[in-house]
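In case you want the letters, here they are:
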Amino acid sequence: MFIKIFLITYRYKLTVISIIGGGTIGSSIAIPLKRSGFEVIVTRRNTAVLKHLESYGISVMSDNKTASKEADVVFLTLKPVDIIPEVRKIEENIRGKLLISMAAAIPLKLIKDAAPHSIVVRAMTNIAAKVGAGFTPFCVDDGDQEVAKRASSILSALGEVYLVEEKYMDALTALSGSGPAYILTIIEAMMYGGLKLGLPRDLALKASYQTVMGSAKLLAESGEHPSELKEKVITPGGTTIDGIYELEDARVRTAIMKAIEVSTMKANKISESIKKLEQ
Ligand SMILES: NC(=O)c1ccc[n+]([C@@H]2O[C@H](COP(=O)([O-])OP(=O)(O)OC[C@H]3O[C@@H](n4cnc5c(N)ncnc54)[C@H](OP(=O)(O)O)[C@@H]3O)[C@@H](O)[C@H]2O)c1
């Protein structure tokens, strides 16, 4: 009987994930990871603001060494500048473990240099991970397929995952990592358009975000190009073309392209300054 219980417990020992840095993104990923069946520990210095996570069965602490010792997998969700100093402090406790950095702009090599005995993955999710609808591109050291499979099975808790080469990570940080901020700006602008015309606030907001969600779902499921779908909305001489004319006049597409370009350049700049600090 005892042996049977021991075997059942052993077989079902849950993977423990520790998230170092429970700020915006750290606390956002904690919930879907817990819901996917992992044991989750989140750290930050001011633990009082993480109390709400305890109601999900997530443990909260301020001690990164204990958290990383307890863990099978460690996520790093600290500010980029804090990543390498913190990795050095926990290095002994993360040997042989999967270490997933979610930080913008920190190259795999820098993390690997600080934690040479860990299995290092660099990933970039977005805030939609909180509701399991994130997009998480990630890259692995030396393109190791076994590591990629393991990382993918964990990161899938956050939404869609995509294995990429590291050279694409800064651009993806700008596009899909920061992307929710751009899309939310557009949703807000659409809502304001509705308010200007006297629509009730709730209706204007719902009409705006449902339209964005519906357009994205249609795009994903139809397999058609955005231009083809857009053409279907633009009736010759109809109402939409007048709106499109204004958007083109305001160079909205150029502005969005520039936003992604300058955000990528900023990631490159942060990366360079951190590499210099580490020299
Ligand atoms: N925000 C996003 O949408 C997003 C998306 C993808 C990736 N990221 C990446 O995620 C990382 C964090 O960004 P964020 O927006 O979540 O920033 P944030 O809200 O400032 O989170 C960082 C957290 O780290 C904690 N912290 C600082 N020093 C610590 C230490 N020694 N030990 C444990 N915790 C510590 C801070 O809390 P205390 O001061 O209480 O310790 C803070 O809550 C960045 O590298 C960013 O590039 C962010």
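Residues numbered from 1 in each chain as written. Predicted model: local features only at pLDDT ≥ 70, side-chain atom pairs only at ≥ 80, totals over all residues. Heavy atoms only, no water.

**Student:** Tell me about the sheet that holds strand β4 (residues 73–76), and name the residues and values.
**Tutor:** Strands sit in the order β3-β2-β1-β4-β5-β6-β7-β8 across an open sheet of 8 strands; the sheet is mixed. A single partner strand is all that each edge strand has here, and the edge strands are β3 (59–61) and β8 (159–163). Between one strand and the next, the sheet's axes are offset by a mean angle of 25°, whatever the strand orientation. Across 4 bridges, β4 lies against strand β5 (residues 98–101) in parallel orientation. (Pairing = 2+ DSSP bridges. Helix = DSSP H or I, 4+ residues; strand = E, 2+ residues; numbered from the N terminus. Axes fitted to C-alpha atoms, helices over the stretch in contact; angles between N-to-C directions.)

**Student:** Lay out the domain arrangement of the protein with the relevant residues and their values.
**Tutor:** Taken domain by domain, the protein holds domain 1 (2–167) and domain 2 (179–261). Here the C-alpha centre of domain 2 lies 35 Å away from the C-alpha centre of domain 1. (Domains from an automatic or database assignment.)

**Student:** Describe the nonpolar core, naming the residues involved and giving the relevant values.
**Tutor:** Membership of the largest hydrophobic core comes to 30 residues, with the highest contact counts inside it found for Ile19, Leu33, Phe75 and Leu155. Within the residue set of this core, elements represented by two or more residues are β1 (16–20), α2 (24–35), β2 (39–43), β4, β5, β6 (119–123), β7 (134–140) and α7 (145–155). Take this core: its biggest share by element is 5 residues, from α7. Listed in part, the 28 residues of the second largest apolar core include Ile20, Ala67, Leu108 and Cys139. (Core = buried A, V, L, I, M, F, W, Y, C linked by side-chain atoms within 4.5 Å. Buried < 20%, exposed > 50% of the residue type's maximum accessible area, 1.4 Å probe, protein only.)

**Student:** With reference to specific residues and values, describe the pairing of β4.
**Tutor:** In regular strands, side chains alternate between the two faces of the sheet. Burial of the side chains of β4 extends over both faces: Val73 and Phe75 are buried on one face and Val74 and Leu76 on the other. By the bridge criterion, 4 bridges tie β1 to β4 in an arrangement that is parallel. Following the sheet pairing, Ile19 is matched in β4 by Phe75. Since β4 and β5 lie parallel, the crossover through helix α5 (residues 80–90) that links them has a hand, and here it is right-handed. (Right-handed = clockwise from strand over helix to strand, strands pointing away.)

**Student:** Quick rundown of the layout of surface pockets? Include the residues and the values.
**Tutor:** Taking a probe equal in size to a water molecule and rolling it over the atoms shows the remaining empty space. Each pocket or cavity is described by its volume, and for the largest pocket that value is around 2700 Å³. For the largest pocket, the lining is made up of 48 residues, of which Ile183, Ile186, Val212, Ser215 and Ala216 are closest to its centre. Listed by contribution, the elements that provide at least two residues to the lining of the largest pocket are β7, α8 (169–177), α9 (179–196), α10 (201–222), α11 (226–233), α12 (240–249) and α13 (252–278). Considering each element in turn, the lining of the largest pocket owes the most residues, 11 residues, to α10. Class assignment for the residues of the lining of the largest pocket results in 31 nonpolar, 10 polar and 7 charged. Counted as a void, the second largest pocket has a volume near 1000 Å³. Around the second largest pocket sit 37 residues that line it, and Thr24, Ile25, Thr77, Leu78 and Lys79 are the ones nearest its centre. Of all elements in the fold, only α2, α4 (64–70), α5, α8 and α9 reach the threshold of two or more residues within the lining of the second largest pocket. (1 Å grid on protein atoms, 1.4 Å probe; cavity = no way out; pocket = protein on both sides within 12 Å on 5 of 7 lines; lining within 4 Å. Points joined across faces, edges and corners; volume = space filled by probe spheres on them. Nonpolar A, V, L, I, M, F, W, Y, C, P; charged D, E, K, R; others polar.)

**Student:** Outline the pattern of salt bridges, supporting the account with residue identities and numerical values.
**Tutor:** Applying the stated criterion across every chain yields a total of 15 salt bridges. Between Glu221 and Lys217 there is a salt bridge; the shortest N-O distance is 2.9 Å. Of this pair, Glu221 and Lys217 both sit in helix α10, 4 residues apart, which is roughly one turn of that helix. What you see here is one network of salt bridges that share partners, running through Arg122, Glu166 and Asp170. (Salt bridge = Lys/Arg side-chain N within 4 Å of Asp/Glu carboxyl O.)

**Student:** Go over the UniProt feature "domain: Pyrroline-5-carboxylate reductase catalytic N-terminal" (unreviewed entry) in the protein with me, naming the residues and quoting the values.
**Tutor:** In this structure's numbering, the residues bearing the UniProt feature "domain: Pyrroline-5-carboxylate reductase catalytic N-terminal" (unreviewed entry) are residues 17–104. Regarding residues 17–104, the helix share stands at 39% and the strand share at 23%, and the terminal C-alpha atoms are separated by 20 Å. (UniProt positions renumbered as here; feature names shortened; annotations may be inferred.)

**Student:** With reference to specific residues and values, describe the environment of Ala157.
**Tutor:** Examined against the element boundaries, Ala157 turns out to sit in the loop between α7 and β8. Assessed through its relative accessible area of 13%, Ala157 is described here as buried. Residue contacts for Ala157: discarding those within four places in its chain leaves Pro32, Leu33, Ser36 and Gly132. (Contact = heavy atoms within 4.5 Å.)

**Student:** Now, about the UniProt feature "binding site: NADPH" (unreviewed entry) in the protein: what can you tell me, with residues and values included?
**Tutor:** Residues annotated by UniProt as "binding site: NADPH" (unreviewed entry) correspond here to Asn64. Here Asn64 shows up in helix α4. Residue classification places Asn64 among the buried positions, given a relative accessible area of 14%. For Asn64, the contacting residues outside a window of four places in its chain are Ile20, Thr43, Glu86 and Ile90.

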